[in-house]
Amino acid sequence: MAAKGKLDASAEAALVLQCRRQDYDAFGKIVDAYQARITGFVRRMVRDQEEAADITQEVFIKAFQGMSRFDGRASLRTWLFRIAYNLCVDRARRHERAPARQSIDVAPDGEEPVEFADFRWDPERKVLEEELQQVLEQAIAEMSDKLKTVLLLHDKEDMGYEEIAMAIDVPVGTVKSRLFLARSHVQKRVSLYLAGAES
């Protein structure tokens, strides 16, 4: 097995074969490997924590039920993120894409808290760092799902352009342009915050 959050290709292939034979223990290993990453992604796409938990559970139910259709052209991780993305899009459509602005949690329940350097001797800097983190989270929350998805998959999940393109079924050029727009949005929000903090 590889690092947490990703299986190596041979382990992945073996587990997929076992899952096709309805091996629940094998599927449990897949869930163990990917659940934290899928949960983190869904929680950033869907701010309601209870609904995010339901969607995450549905991702793995659909994956287990659809394992016979997994053809291996993409990695298992990419396939799972594609299921998660599609469920988030479906949820947004059901809610008629009326985004309710919610308060942003710096570290929602269950996610690892953001770690900062030791600022015990500089409390003012620590406050600024925490405010900046909130500005970043708010900037991400304000984005359309299309931009948010690409930014999270690239910067948070370390996916390459091609893998993201497969996960959300768009051309690589679209991934690049959406990533550029997402980063521009974040940069603009951060610049506005810094300008206000310095004035």
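All figures in this text were calculated on a predicted structure; none of them were measured in a lab.

*Asks:* What's the story with the side chain of threonine 78 in this structure? I'm lost.
*Replies:* Position of threonine 78 among the secondary structure elements: in helix H4 (residues 76-94). Of the residues examined, threonine 78 reaches a relative accessible area of 2% and is grouped as buried. A polar atom in the side chain of threonine 78 sits 2.9 Å from the side chain of serine 75. Other than its neighbours up to four places away in sequence, threonine 78 contacts Met159, Glu163, Met166 and Ala167.

*Asks:* What's the story with helix H1 (residues 9-20) in this structure? I'm lost.
*Replies:* Residues three or four positions apart in an α-helix share a direction because the helix packs 3.6 residues into each turn. With twelve residues, H1 should cover 16 Å at 1.5 Å per step; its first-to-last C-alpha distance of 17 Å lies within 8% of that length. Those residues of H1 lying buried are Ala11, Glu12, Leu15, Val16 and Cys19. Take H1 and look down its axis: the buried residues cluster within an arc of 135 degrees, on one side only. Facing away from the buried side of H1 by more than 90 degrees, the exposed set consists of Ala9 and Ser10. The inward-facing, buried residues of H1 abut helix H2 (24-45), helix H3 (49-65) and H4. Count one or two residues on from H1 and you reach glutamine 22, which has phi positive near 65 degrees.

*Asks:* What is the right way to look at the packing of helix H6 (residues 145-156) against helix H7 (residues 161-168) in this model?
*Replies:* Helix-helix packing: each pair is described by the crossing angle between the helix axes and the interaxial distance. For the pair H6 and H7, interaxial distance at closest approach is 10 Å and the crossing angle is 135 degrees. Taken together, the axis directions place H6 and H7 in an arrangement best described as oblique. Crossing hand, H6 versus H7: right-handed. Packed against H6, whose contacting residues are Thr149, Val150, Leu153 and His154, the element H7 presents Tyr161, Ile164, Ala167 and Ile168 at the interface. Within the contact of H6 with H7, the residues separate by chemical class into six nonpolar, two polar and no charged.

*Asks:* Help me out: how do you make sense of the confidence of the model for the protein in this one?
*Replies:* Atomic detail in the predicted coordinates should be set aside for any region of low pLDDT. Counting all residues, the mean pLDDT for the protein is 81, and 79% of those residues have values of 70 or more. Between the elements of the protein, mean pLDDT differs from a low of 79, seen in helix H5 (residues 123-142), to a high of 93, seen in H7. Across residues 99-108, where pLDDT falls below 50, the model places 19 contacts with residues more than four positions away in sequence or in other chains. The low-confidence segment residues 113-121 (pLDDT under 50) makes ten contacts with residues lying over four places distant or belonging to another chain.

*Asks:* Would you take a moment to explain the pattern of salt bridges for this structure?
*Replies:* Close approach of charged atoms allows side chains with opposite charge to pair. Within the structure shown, the criterion is met by nine salt bridges. Between glutamate 157 and arginine 37 there is a salt bridge, and its shortest N-O distance comes to 3.4 Å. Within this pair, whereas glutamate 157 is found in the loop between H6 and H7, its partner arginine 37 is found in helix H2, the two being separated by 120 residues in sequence. On the basis of relative accessibility, which here comes to 4%, the residue glutamate 157 falls in the buried class.

*Asks:* Whenever I open this one, H2 confuses me. Can you help?
*Replies:* The largest bend in H2 comes to about 50 degrees, at tyrosine 34. With a side-chain oxygen positioned 3.0 Å from the backbone nitrogen of aspartate 25, the residue opening H2 is aspartate 23.

*Asks:* Explanation requested: the packing of aromatic side chains in the structure shown.
*Replies:* The geometry of an aromatic ring pair is captured by the separation of the ring centres together with the interplanar angle, meaning the angle of the planes. Enumeration over the complete set of coordinates arrives at five aromatic pairs. Centre to centre, the rings of tyrosine 24 and phenylalanine 64 are 5.1 Å apart; their planes meet at 25 degrees, and the pair counts as stacked. Of the two residues, tyrosine 24 sits in helix H2 while phenylalanine 64 sits in helix H3, which places them 40 residues apart along the sequence. Take tyrosine 24: its relative accessible area is 61%, and that puts it in the exposed class. Ring centres of phenylalanine 27 and phenylalanine 60 lie 6.4 Å apart, and the angle between their planes is 70 degrees; on these two criteria the pair is classed as edge-to-face. Taken together, the positions of phenylalanine 27 in helix H2 and phenylalanine 60 in helix H3 put the pair 33 residues apart, joining distant regions of the chain. In this structure, phenylalanine 27 and phenylalanine 60 share a single accessibility class: buried.

Rules used in this analysis
- Residues numbered from 1 in each chain as written.
- Predicted model: local features only at pLDDT ≥ 70, side-chain atom pairs only at ≥ 80, totals over all residues.
- Heavy atoms only, no water.
- Helix = DSSP H or I, 4+ residues; strand = E, 2+ residues; numbered from the N terminus.
- Buried < 20%, exposed > 50% of the residue type's maximum accessible area, 1.4 Å probe, protein only.
- Polar contact = N/O pair within 3.5 Å; in protein donor to acceptor, adjacent residues only side chain to side chain.
- Contact = heavy atoms within 4.5 Å.
- Expected span 1.5 Å × (residues − 1).
- Arc of directions from axis to C-beta.
- Axes fitted to C-alpha atoms, helices over the stretch in contact; angles between N-to-C directions.
- Parallel < 35°, antiparallel > 145°, perpendicular 65-115°, else oblique.
- Left-handed = near helix turned anticlockwise from the far one by under 90°.
- Nonpolar A, V, L, I, M, F, W, Y, C, P; charged D, E, K, R; others polar.
- pLDDT = per-residue confidence, 0-100.
- Salt bridge = Lys/Arg side-chain N within 4 Å of Asp/Glu carboxyl O.
- Bend = angle between axes of the 7 residues up to and from the residue.
- Phe/Tyr/Trp six-rings, centres within 6.5 Å; stacked < 30°, edge-to-face > 60°.

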